[in-house]
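Results of the structural survey
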Amino acid sequence: MRRREAAMLALLILLCMIVAVLNPRFLGGANLQNLARLVGIYGIFSLGAGLVILTGGIDLSVGSLLALLGVLLSFMLLTWHVPWPVAVVVVVMLGAALGWVHGRLVARLTIQPFLVTLCGLLVYRGLARFASNDETRGFGDSAPLLRAVATGTTFGVPTSFLLLLCVAAVLYVVVHRSVVGRHLLAVGCNEEAARYAGIATGRVITGAYVAAASLTALASVLLSFYTDSVSPSSHGSFYELYAIAACVLGGCSLRGGEGGVAGILIGTALLQVLQNLVNLLGIPSSLNFAVMGAVILVGAVADRLLHQHGVRAATGSRRFGT
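Notes on the structure follow. (Residues numbered from 1 in each chain as written. Predicted model: local features only at pLDDT ≥ 70, side-chain atom pairs only at ≥ 80, totals over all residues. Heavy atoms only, no water.)

This part covers the overall build of the chain. Tallying secondary structure elements over the chain gives 13 helices and four strands in all. A compact globule built from 322 residues should have a C-alpha radius of gyration of about 20 Å, and the chain, at 20 Å, falls within 12% of that. Judged by the C-alpha coordinates and their principal axes, the chain covers about 70 × 50 × 35 Å. The 322 residues of the chain split such that 48% are buried. Long-range contacts, defined here as pairs at least 24 residues apart, represent 79% of the contacts in the chain between residues at least 6 apart. Summed over all atoms, the accessible surface of the chain reaches about 15100 Å², with 68% contributed by carbon and sulfur. Each charge sign in the chain was given a centre, from 20 positive and 11 negative side chains, and these centres are 10 Å apart. (Helix = DSSP H or I, 4+ residues; strand = E, 2+ residues; numbered from the N terminus. Rg over C-alpha atoms; globule rule 2.2 N^0.38 Å. Buried < 20%, exposed > 50% of the residue type's maximum accessible area, 1.4 Å probe, protein only. Contact = heavy atoms within 4.5 Å. Areas by Shrake-Rupley, 256 points an atom, 1.4 Å probe, with all protein chains shown as cover. Lys, Arg positive; Asp, Glu negative; His and termini not counted. Charge placed at Lys NZ, Arg CZ, Asp CG, Glu CD.)

Right under this line is the structure:
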C-alpha cells in the first residue's frame, strides 16, 4: 500500500470513529449493512472510472449511462418479458459497446475524452427520458434473484459488497500484476512515449473505456433494483462526480499514469461515510455536492503540489548527480 493510500485509510478509520462518537447509530447493524451495500454499488462503477483516469482520460457519462441502462432493463423485464439472465447480459454488452464507441472516438479520432463523454452524458440522458416518456419505470416482482443480490446479504454481508470485492480482486491482478496494467500506466504517463515503445495505445485506451462502461452497466443493474425504480430525469445524476471524487481521494492523478485499486476502494468508502455522516447528523443533503466539489478540488491541489515536489526532487538529484 502506497503512503497516500495508507494516509487515506487512516483518515477513513478516524472519520468512522468520529461519526460513531457523534451518533452511535452509525455502528448499528442496519446502518453498517446499508453503508456496505452502497459502497459495493458505487465502488463498482468508480473502479471503472478509475481505469479511464489511469489512461489520462475522464468519463462524464456514468450517471446518464446508469439511467439509460436502468430504463432498458425495466423494459426488458416488465414489457418484453425477457429472462433476467439474458437481460443482464444485454445490458452489460450494450454498456461495453458504448464504451467501445467512446474509446474509438478518443483513440482513433483523438477527440478529447471530456468532450466525448460529455456528449454521452447528454445523449444517454435524453434517450432515457425519450424512451420512457419521462416517466418513472419500476420493476414490480420481476427477477427476485437480482433483487436479492442488490438488497440482500450473504452470511450477513451485503451481496453487492462481496461482488465489489470480487471485481476489485480481478482488477487488482490486471492493473498491478499484469502487462495490461503496466501498459495502462504507461499510456497515462506519456502516450506518445508508450507508442514509440511498441504499446498499442489505441487498444489500451479503448479497452479501458470498454471495461469502465461494462462495470457501469453491472452497477446499473444493482442500483436499479436497490432503488426499485428508475426516474430517467434524475436516476444516477452526478454519479460521475462520485466516481471521480473517489478516484481522486484514492490517489489517482487526473493527469493519468498514477493510482490503484485499493485507493479507489478507500476513496469510495470515505465518500459514503461522509454522506452517512450528513444523514445521521441531519445536515441538509444539498451540502453533498459542496462536499464532493471540495473533495475533488483538494485532491487536485494535492496532486499538483505532489507533482511539483517530485519534479523539484528529480531536478535536484540530477543537478547533484545523485
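Here we come to the nonpolar core. Counting 90 residues, the largest nonpolar core has Phe45, Leu47, Leu73 and Phe225 as the members making the most contacts within it. Setting aside its immediate chain neighbours within four residues, phenylalanine 45 contacts Val62, Leu66, Thr216, Ala219, Tyr239 and Ala243. (Core = buried A, V, L, I, M, F, W, Y, C linked by side-chain atoms within 4.5 Å.)

Our focus in this paragraph is helix α11 (residues 239-249). The buried fraction of α11 amounts to ten of the eleven residues, a majority that puts the element mostly inside the structure. Just downstream of α11, glycine 251 is the residue with a positive phi angle, here 100 degrees.

Turning next to the pattern of salt bridges. Working definition: two side chains of opposite charge can pair if their charged atoms are close together. For the coordinates displayed, the defined rule picks out three salt bridges. The salt bridge involving arginine 129 is made with aspartate 134; its shortest N-O contact spans 2.8 Å. Judged by relative accessible area, aspartate 134 falls into the partly exposed class, the value being 38%. Measuring nitrogen to oxygen at the nearest pair gives 2.6 Å for the salt bridge that ties aspartate 228 to arginine 147. (Salt bridge = Lys/Arg side-chain N within 4 Å of Asp/Glu carboxyl O.)

This brings us to empty space enclosed by the protein. As enumerated under the stated definition, the model contains two cavities of 30 Å³ or more in all. Lining the second largest cavity, in full, are Leu47, Leu51, Leu54, Leu171, Val175, Gly260, Val261 and Ile264. Going through the elements one at a time, α2 (29-54), α7 (159-176) and α12 (261-280) are the ones with two or more residues in the lining of the second largest cavity. A per-element tally of the lining of the second largest cavity places α2 first, with three residues. Each residue belonging to the lining of the second largest cavity can be placed in one class, and the counts come to seven nonpolar, one polar and no charged. (1 Å grid on protein atoms, 1.4 Å probe; cavity = no way out; pocket = protein on both sides within 12 Å on 5 of 7 lines; lining within 4 Å. Points joined across faces, edges and corners; volume = space filled by probe spheres on them. Nonpolar A, V, L, I, M, F, W, Y, C, P; charged D, E, K, R; others polar.)

Tallying each qualifying case throughout the model produces zero disulfides. Looking at the unpaired cysteine 16, the closest cysteine sulfur is the one in cysteine 247, lying at 19 Å. Cysteine cysteine 247 is unpaired, with the sulfur of cysteine 252 as its nearest cysteine sulfur at 4.7 Å. Accessibility expressed as a relative area gives 0% for cysteine 247, which makes it buried. (Disulfide = S-S within 2.5 Å.)

A positive phi angle, near 55 degrees, is found at phenylalanine 155, a position not held by glycine. With a relative accessible area of 85%, phenylalanine 155 lands in the exposed category. Despite not being glycine, aspartate 228 shows a phi value in the positive range, around 65 degrees. Mapped onto the elements of the fold, aspartate 228 is located in the loop between α10 (201-227) and β4 (229-230).

In this structure, serine 46 sits in helix α2. If we skip the residues at most four places from it in the chain, serine 46 touches Tyr242, Ala243, Ala246, Cys247, Ile264 and Thr268.

Turning next to the layout of surface pockets. In this approach the atoms are scanned with a rolling probe the size of a water molecule, which exposes any empty space left behind. Taken as a whole, the largest pocket encloses approximately 270 Å³ of empty space. Around the largest pocket, the lining comprises 15 residues; the ones closest to its centre are Gly56, Val106, Pro113, Glu191 and Ile205. Split by residue class, the lining of the largest pocket holds seven nonpolar, six polar and two charged. Each pocket or cavity is described by its volume, and for the second largest pocket that value is around 200 Å³. Around the second largest pocket, the lining is made up of 14 residues, and of these Asn34, Leu38, Gln272, Gln275 and Asn279 lie nearest the centre. Where the lining of the second largest pocket is concerned, the elements lending two or more residues are α2, α10 and α12. Counting residues per element, the lining of the second largest pocket draws most heavily on α2, at five residues. The class makeup of the residues in the lining of the second largest pocket is six nonpolar, eight polar and no charged.

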